[in-house]
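The primary structure of each chain is shown beneath.
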Amino acid sequence: MKKFIVFISFLTLLFAFHPVSAEEDLVSTLKARIQALQEQIVKMQEELNKAANELIEIEQSIAFTQNLYSGAQSGEVKNLQQFLSQYPDIYPEGQVTGYFGPLTQNAVKRFQEKYADDILKPSGLTVATGYVGPATRAKLNELAQKAVPAVPAIPAIPAVPTETPAVPAIPAAPATPATPAKPATTTVPTIATTTPPIAATTTPDTAAPANVTNLTATAAESMITLSWVNPLDADFAGIKLMRKDWNQPAGILDGTQIYNGIATSTIERGLVNGISYCYKAFTYDEVPNYSSGAGLCATPTSTAIVTITTSTPATVSTAPPSTSTTPTPTPTATPAPTTATTTATVTVTTTAATTTTTTTTTASAITVTYPNGGETWEYGFNQGIGYTSNGVSRVGFKILKGSQVVYQTSGATTAGLSLSFETNAQNSSSTGSGSDYKVRVFDWDNSSVYDESNSYFSIAPADTTPPVVSNISVSSITADSAVISWTTDESSYGYINYGPGAYTSITPQDNFATSHSFTLSNLTSGALFLYRIYAVDAKGNGPIGYPPEYTFTTLAPVASANTPQFLSKWSMQGEPYGIAIDHSGNVYVTNKGYNFDYAVYKFTSNGTFITKWGPSGTGNGQFGLALYIAVDANSNVYVTDYSRKRIQKFTSDGTFITKWGSSSTADGQFYETDGIAVDSSGNVYVTDTSLNRIQKFTSDGTFITKWNLSSGGNYGGGRGVATDSSGNVYIADRNYNRVQKFTSDGTLITQWGSQGSGDGQFADPYGIAVDISGNIYVTDRSNHRIQKFTSDGAFITKWGSYGTNDGQFYYPDNIAVDVNGNSYVVQGNAYIQKFTPAQTALLDIDRLLASIKLQVASIASALSELLR
């Protein structure tokens, strides 16, 4: 009650100091303002209609007529890239090069998965191909040619009544000293009349990305697991991983390609134990330019097979020195066909005499080490042959069935290199299944020198049988998740094809095993889901046709008194990303990229467009890529320009004030400009993700301090940043799925969160915001939801699920909260959604007082600026 009395007293004081105006003057002023608004509405209507007509012309000019595929290079590929770059969930890289590389192929796959019912399903496909064929082209053209809805007319403001209503008298205020008038200035913009110069031809890109780092290989039974760290180069497009036996590949055309993409690990199965497999990873960009490569070798570990080239060591005689100066000749034995002779001459010097001794040793010239009897080769696969050699420069090999030669190499191989035999491609009619095979390795220049397997080995029929899936079950069903389990009769990997009423999603491949379990998350609440299991063994055998269908139903969502409720939404042309709100409730949104319209959009709190500024460019007020945005107590707007590595500051209507930063790792410079926030004192905080740090500046860009985001934990990946009324700083760390809380000088206070989909867990936290009560809001991007916490990390509530309906999310990017507790969420599908806080019917005096306090501070700051 005391707070309420204070609130009423505060309002009384405000009115007490309000200047008195005559009734006629007030009405005249109102009429003049209404007339000005009506004129402004007419101009806005004309601009909207003009923009809509321009958009129709742009969209109608796009048409896809060619089939496009990896490696293609054309103007239509460029159109495809520019079209797909409108959708950040499909083509987040947004590179427009005209070359159909891996990034473009992956974008096409995402496009096909998004519109699977129109592209994949009619063709009986369940997995995207990345190839632009007739069905994909038809969908592209459908979206490109879709008619732009007519721009609705802005309703006119009703006419002002001629009869002047009675206006209540306002108490007189004490005289206020007049503020000195500032000299008026009028700036007439200069309109260019000359034709702009033609851009100079740029130098072709010939620089390759850096190599991968931390390349490692872990060998196991018949398999090798490789992992690496991709470079941070902005033009990095992917890696090609090449493999050879025994020797590292020299380039991208040398050896067998086993991986091509942007992941950081891969597993190669079905390898021969004992063979040394050598790998080299080549990074590339979209041109493509290839790096020099990073490589290593590894050997599957069951039976050790080592190709060794040895020399026989010299033997020193230990007999007493002879008094004769002529050595006694040693008879030389005639070598057997499978042996080699080595002669070593050693001189021994003593105080009495010097004696020269010649020793002759005999070693096996060729020895077959694998297969050597009892092994089994599987028909249809490349098989390694192990051997050692001594004094032999070139070798060949034969495959014998019993005593009959069924295969012989047609050319020589340098001794010491690997030998292999492909059972299904080389003389396959003679190397079918059987148990009476031997390998003979011989000296190419003297076929009488050879060795062969000591005993017989077998060739088994090819495995063409897919795994048998059984014991399929579903458990732990919640409103947004379920656990699917199954077993297979042989070791295999698998994935789940599922969706609400139709097959729309595919899980990643699980582990290679016979017992499988996978948690489906981000499911729609209260929906019937279809699902089916695909299993594939090490030989690539998988199901023929579609596997059987199964179903489950998620639980209905449980309403919570603390959960914000959907209020409204509006769309904007482009890809909204960053969001901020001033103390008047105006909403500022960055456009991450639509036809290179890297602008800041300003709306009212209900989504009515006010203005925008910042086209693409390098000048003041222009952007290379506008990402995060923040607003201070005076409604000045700060924007991170990701591509230009700088911060720009504007007034609330977009007038440029200042800028700072450039590309560097020094203090006050940036490698990546990501999240930005302004505290109540006007200090600016910017996260620099790649450098794992946050920097603090004054409001004009003067560097104050910095700190490392790995404090209290591992190497961080800070994205969003926010501050509370006490000056504490909160970071959304997407790399380690946590929130970190620091003091204003960088001392870690606490942190919370881990990877997962439970309450207080995260999957890619991106944006973060703080309300006037100190509660923390986090966009849990890959869980398609928002979570709310106390300032020390205690879970309060969550809302949202995967989807495009009201109140649902599709990878939400960022969030902002206004002084009334309403939250605004942006995501890349061009929507801004507004949510009202829970229990809005209750009068929250604390919140009202906090809001008034902030507005009074803003007014006081503005008056201070005027009176300087």
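Residues numbered from 1 in each chain as written. Predicted model: local features only at pLDDT ≥ 70, side-chain atom pairs only at ≥ 80, totals over all residues. Heavy atoms only, no water.

> Explanation requested: the sheet that holds strand β42 (residues 748–752) in the structure shown.
In a beta sheet, neighbouring strands pair by backbone hydrogen bonds and run either parallel or antiparallel. The antiparallel open sheet is built from four strands, whose spatial order is β39-β40-β41-β42. Taken across any chain shown, the strands that pair with only one partner, and hence form the sheet edges, are β39 (718–723) and β42. Across the sheet, the axes of successive neighbouring strands diverge by a mean angle of 20°, strand direction being ignored. Alignment of strand β41 (residues 738–742) against β42, held across four bridges, turns out to be antiparallel. Across the sheet, Lys741 pairs through a bridge with Thr750, a residue of β42. (Pairing = 2+ DSSP bridges. Helix = DSSP H or I, 4+ residues; strand = E, 2+ residues; numbered from the N terminus. Axes fitted to C-alpha atoms, helices over the stretch in contact; angles between N-to-C directions.)

> Help me out: how do you make sense of the packing of helix α3 (residues 75–84) against helix α6 (residues 134–144) in this one?
When two helices pack together, their arrangement is captured by the angle between the axes and the distance separating the axes. One way to put it is that α3 packs onto α6 with a least axis distance of 12 Å and a crossing angle of 60°. With respect to their mutual orientation, α3 and α6 come out oblique. The crossing of α3 and α6 is left-handed. Seen from α3, the contacting residues are Leu80, Phe83 and Leu84; seen from α6, they are Leu140, Leu143 and Ala144. Per-class residue counts for the contact of α3 with α6 are six nonpolar, no polar and no charged. (Parallel < 35°, antiparallel > 145°, perpendicular 65-115°, else oblique. Left-handed = near helix turned anticlockwise from the far one by under 90°. Contact = heavy atoms within 4.5 Å. Nonpolar A, V, L, I, M, F, W, Y, C, P; charged D, E, K, R; others polar.)

> What should I look at first to understand helix α4 (residues 102–114) in this one?
With 13 residues, α4 should reach 18 Å at 1.5 Å per residue; the first-to-last C-alpha distance of 18 Å fits that figure. Those residues of α4 lying buried are Pro102, Leu103, Thr104, Ala107, Val108, Phe111 and Gln112. Its buried side turned inward, α4 meets α3, α5 (116–119), α6, β4 (256–261) and β6 (277–284). (Expected span 1.5 Å × (residues − 1). Buried < 20%, exposed > 50% of the residue type's maximum accessible area, 1.4 Å probe, protein only.)

> I would appreciate a short explanation of the pairing of strand β3 (residues 238–245) in the present structure.
A large share of β3 lies buried, amounting to six of its eight residues. As paired elements, β3 and β4 share five bridges and run antiparallel to each other. Bridge pairing links Arg243 to Thr256 in β4.

> Would you mind going over the pattern of salt bridges with me for this structure?
Where charged atoms of side chains with opposite charge meet at close range, the side chains can pair. For the structure shown, the criterion picks out 20 salt bridges. Note that Lys569 is salt-bridged to Asp806, the shortest N-O span being 3.0 Å. A residue pair is termed long-range when its members are at least 10 positions apart, and Lys569 in strand β26 (residues 565–571) and Asp806 in the loop between β46 (795–799) and β47 (812–817) qualify at 237 residues. Residues joined in a network through salt bridges with shared partners are Asp118, Lys139 and Glu142. (Salt bridge = Lys/Arg side-chain N within 4 Å of Asp/Glu carboxyl O.)

> Would you take a moment to explain the nonpolar core for this structure?
What tends to happen in soluble globular proteins is that the nonpolar side chains get buried as a cluster. Residues Trp377, Ile399 and Val441 are the most contacted members of the largest nonpolar core, which totals 41 residues. Counting residues in hydrophobic clusters, the runner-up holds 27 residues, among them Ala580, Phe650, Val686 and Phe697. (Core = buried A, V, L, I, M, F, W, Y, C linked by side-chain atoms within 4.5 Å.)

> How should the environment of Val77 be read in this particular structure?
Assignment of secondary structure puts Val77 in helix α3. Residue class for Val77 comes out buried when judged on its relative accessible area of 0%. Considering only alpha carbons, one finds Val77 and Phe64, 13 residues apart in sequence, at a separation of 9.2 Å. Apart from residues no more than four positions distant in its own chain, Val77 is found in contact with Leu68, Ala72, Gly98, Tyr99 and Phe100.

> What should I look at first to understand α6 in this one?
Because each turn of an α-helix spans 3.6 residues, side chains separated by three or four positions in sequence point in the same direction. Where α6 is concerned, the buried positions are Thr136, Arg137, Lys139, Leu140, Leu143 and Ala144. The buried residues of α6 occupy one face: seen down the axis, they fall within an arc of 165°. (Arc of directions from axis to C-beta.)

> Please explain the confidence of the model for the protein chain as it appears in this structure.
Caution applies to low-pLDDT parts of the model: their predicted coordinates are not meant to be read in detail. Mean pLDDT for the protein chain: 77, with 72% of residues reaching 70 or above. Taken as a whole, residues 147–202 scores under 50 in pLDDT and shows 44 contacts with residues more than four places along the chain or in a different chain. Confidence drops under pLDDT 50 across residues 303–362; counting only partners more than four residues distant or on other chains, this segment forms 85 contacts. (pLDDT = per-residue confidence, 0-100.)

> I'm lost on the packing of aromatic side chains in this one. Help?
Both the distance between ring centres and the angle between the ring planes are used here to describe each pair of aromatic rings. One pass over the structure, following the stated rule, counts 40 aromatic pairs. The interplanar angle of 55° and the centroid separation of 5.7 Å between the aromatic rings of Tyr531 and Phe552 together place this pair among those described as tilted. Taken as a pair, Tyr531 in strand β24 (residues 528–537) and Phe552 in strand β25 (residues 550–553) lie far apart in primary sequence, 21 residues in all. By the burial criterion, Tyr531 is buried, and Phe552 matches it. Put simply, the rings of Trp377, Phe397, Tyr407, Phe421, Tyr437 and Phe457 touch in pairs and so form one group of aromatic residues. Over the face of the ring belonging to Tyr456 we find Lys438, whose NZ or CZ atom lies 4.8 Å from the ring centre. (Phe/Tyr/Trp six-rings, centres within 6.5 Å; stacked < 30°, edge-to-face > 60°. Lys NZ or Arg CZ within 6 Å of the ring centre and 35° of its normal.)

> In this structure, what is going on with the side chain of Gln787? I would like to understand it.
You can see Gln787 is positioned in strand β45 (residues 785–789). One polar contact links the side chain of Gln787 to the main-chain amide nitrogen of Gly760, over a distance of 2.8 Å. Engagement of the side chain of Gln787 in a polar contact is seen with the side chain of Asp780, the distance being 3.2 Å. Setting aside residues no more than four positions away along its own chain, Gln787 makes contact with Gly758, Asp759, Gly760, Gln761, Phe762, Ile776, Tyr777, Val778, Asp780, Phe795, Thr797 and Lys798. (Polar contact = N/O pair within 3.5 Å; in protein donor to acceptor, adjacent residues only side chain to side chain.)

> What am I meant to see in the packing of α3 against α4 here?
The contact between α3 and α4 brings their axes to 11 Å, and the two run at 55°. In terms of orientation, α3 lies oblique with respect to α4. The chirality of how α3 crosses α4 is left-handed. Contacts between α3 and α4 involve Leu80, Gln81 and Leu84 on the former and, on the latter, Thr104, Ala107, Val108 and Phe111. A breakdown of the residues in the contact of α3 with α4 according to their chemical character gives five nonpolar, two polar and no charged.

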